[in-house]
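Read off the chains here:
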Amino acid sequence: MFMLTPVSGSALAVEIIAHKGIPPNALSLATARSIFGMRQVKWPDGTLIRVFVLPDPHPTHGALCKERLNLFPYQLRQSWDRSVYSGMAQAPSEVSSEEELMNRVAATPGAIGYVRKARAHDPVKILRID
Amino acid sequence: MIRSRFSALIRWAPSLFFWTMVFAPSVHGVELGEGLQAHGFISQGMSLTSDNNFGGNSDSGPAWDLREAGANLSWRPTPDWLISGQALARWAGETDNGDLRLDYGFVDRTLLADGETQVGVRLGKLKNPLGFYNTTRDVAHTRPGIIMPQSIYMDRGRNFWLVASGLSLYGNREHANNAVSWQISAFEPEVDDSDLNYLMLGRDFGGEFHGRSSWLGQIMYEREGGLWRAGLSLGDLAIKYRPGVVDPFNAGHTDLSTWVLSLEHNSENWSVTAEYGQTEVRSREYGIPIVERDNTTEAWYVQATRRFPGDWQVFLRYDVFYFDKSDHSGEDFASIAGANPWIRYAKDWTLGVRKDIDRWTLSAEWHQIDGTAWLSPADTPYNQQSQEWDMLLLQAAWRF
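Only a predicted model underlies this, so the values are computations on that prediction, with no experimental measurement involved.

## With respect to a nonpolar patch on the surface
All names here are of chain B.
Stage number 1. A cluster of nonpolar residues, Leu111, Leu112, Leu169, Val180, Trp182, Ile184, Trp215, Ile219, Tyr221, Leu234, Trp259 and Leu261, forms a patch on the protein surface that exposes about 1,000 Å² of accessible area.
Stage number 2. At the level of secondary structure, the elements contributing two or more residues to the nonpolar patch comprise strand S6 (101-113), strand S9 (178-189), strand S11 (214-223) and strand S13 (253-266).
Stage number 3. Among the secondary structure elements, Leu169 is positioned in strand S8 (residues 163-174).

Set out below in structure tokens:
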């Protein structure tokens, strides 16, 4: 049942962050799934989307999948593998820690990623999911 | 001299590359530069059978002749262009000898991308979309077991169904709870494979098949991020035969109309997958009546996979194939052709276990099989095929 019930704002354990230069402040669930599924590759202004992720077993990755994208980490992995090993799409960039992920997103134009808790003074944009 | 050095380089470069990667830091894939990525995979299997040979001489002891190695590059120079290619070597008993080949290689141009809708076109050598798994069937960790469900994804017909040079239009559209993706391809099938001679004509007299204009399309629907997935693949494939020097067959041609229905349910711990397909085979002008008998194959499987903590999985699968849906027992064919009826069907119960450790996948599975329809006569000649047989498969696979 957990899957089907959107979790309310304050209880969320993961936040989607992006490079400060990207245009949108919010994403629809469909667009977020499309971006993290590596099917959508450019922002509305034409900038290449660079997706940064944590390793599959990382709890924050699990939280992104279940709470934000409404799917399970194994499904995202299967979807990436189907694309990557048939040449249809590229894989996201995997980093080992949230700190590294924050640094890479802040420094890479067009980047998107996620951390457990972003703070107001972090050098990234926090994206809402509508 | 230069040529032999070059071929030695070609031979050793992939293994050097792989072993470098095995000891490289634990990440998926390698970013070689701006927009340039490399990925790869390698697997080694072992087969042991009670009767019949599969993946080497498995009837007389463990056979180690199931192996795959592949590496791919993809380059996105701008957001709208993607160039992808993969090299593959595959070993499978007498049916594949490890020749290095281009697995796919194409250019992809995005025509439309507005956030929730994408449309694009691909040109080059492309994997054929057929069922859930055809496009990555040689990549061990993407398969639903050590071997594919042979009913829908028969290894004997692998080369024919796998890949073809042509043009493909694709698209997808996502809503909050529904997503639809589709693609349609026009191509000529790749058919330089003696296994196909056995499959189409029952014998190999050294003739060759050639591809004719064909098409294949697929539509996939996903509900709630993949809680439910459903798909329909269908197409018409056409080939013509050029007889060998001494060959009883004339220059005939064969048309294959195929469709596959796919359905999957995914929850946190369970996945249940079922696929059902038929292929109508019409052969003409070969001059041999038994080959020109129209037949429609029937294929289906159901698989339930349970995931356990610690990256363990256990699955149970029942997989059924009939060469002729109106002759399930194979008796009609046997009485005409004077062959054993069980070469015309196969019913396979499989129990499998899989453990993932970082980039490694270790698997074992037990098959209990009635019938030999998906055995290659190159491994086990028809008249030596036993009806009821068991098979143990083990596999270690690694990817980056």
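## Quick notes on the packing of helix H2 (residues 59-68) of chain A against helix H3 (residues 73-84) of chain A
Working note: a packed helix pair is described by the angle between its axes plus the distance between those axes.
Residue and element names in this part refer to chain A.
Stage number 1. It is at 8 Å that the axes of H2 and H3 come closest, and there the two elements cross at 90 degrees. What the angle tells us is that H2 and H3 run roughly perpendicular. Residues His61, Gly62, Cys65 and Lys66 of H2 lie in contact with H3, whose contacting residues are Pro73, Leu76 and Trp80.
Stage number 2. Partitioned by chemical class, the residues of the contact of H2 with H3 number 4 nonpolar, 2 polar and 1 charged.

## Quick notes on the environment of Phe52 of chain A
Residue and element names in this part refer to chain A.
Stage number 1. In this structure, Phe52 sits in strand S3 (residues 50-53).
Stage number 2. Measuring from C-alpha to C-alpha, the distance between Phe52 and Tyr114 comes to 7.9 Å, with 62 residues separating the pair along the chain.
Stage number 3. If near-sequence neighbours (up to four positions away) are discounted, Phe52 is found in contact with Phe36, Ser93, Val95, Leu101, Arg104, Val105, Thr108, Ala111, Ile112, Gly113 and Tyr114.

## A look at the interface of chain A and chain B
Stage number 1. With 35 residues of chain A at the interface, the matching set in chain B holds 53 residues.
Stage number 2. Together chain A and chain B conceal approximately 3,600 Å² of surface at their shared face, both sides included; 48% is due to carbon and sulfur atoms.
Stage number 3. For chain A, the biggest contributors to the area lost against chain B are Tyr85, Met88 and Gln90 of chain A; these three give 22% of the whole.
Stage number 4. Across the contact surface, chain A and chain B share 5 salt bridges.
Stage number 5. Between Glu268 of chain B and Lys66 of chain A there is a salt bridge; the shortest N-O distance is 2.8 Å.
Stage number 6. At the boundary of chain A and chain B, one finds 22 residue pairs in polar contact (both at pLDDT 80 or more).
Stage number 7. Of all elements in the fold, only helix H1 (29-36), H3 and strand S4 (93-94) of chain A reach the threshold of two or more residues within the side of chain A that touches chain B.

Conventions we followed
- Residues numbered from 1 in each chain as written.
- Chains lettered and ligands numbered in written order.
- Predicted model: local features only at pLDDT ≥ 70, side-chain atom pairs only at ≥ 80, totals over all residues.
- Heavy atoms only, no water.
- Patch = residues over 30% accessible without salt bridge, like charges linked within 9 Å, V, L, I, M, F, W, Y side chains within 5 Å.
- Areas by Shrake-Rupley, 256 points an atom, 1.4 Å probe, with all protein chains shown as cover.
- Salt bridge = Lys/Arg side-chain N within 4 Å of Asp/Glu carboxyl O.
- Helix = DSSP H or I, 4+ residues; strand = E, 2+ residues; numbered from the N terminus.
- Axes fitted to C-alpha atoms, helices over the stretch in contact; angles between N-to-C directions.
- Parallel < 35°, antiparallel > 145°, perpendicular 65-115°, else oblique.
- Contact = heavy atoms within 4.5 Å.
- Nonpolar A, V, L, I, M, F, W, Y, C, P; charged D, E, K, R; others polar.
- Buried area = accessible area lost by both parts, 1.4 Å probe.
- Polar contact = N/O pair within 3.5 Å; in protein donor to acceptor, adjacent residues only side chain to side chain.

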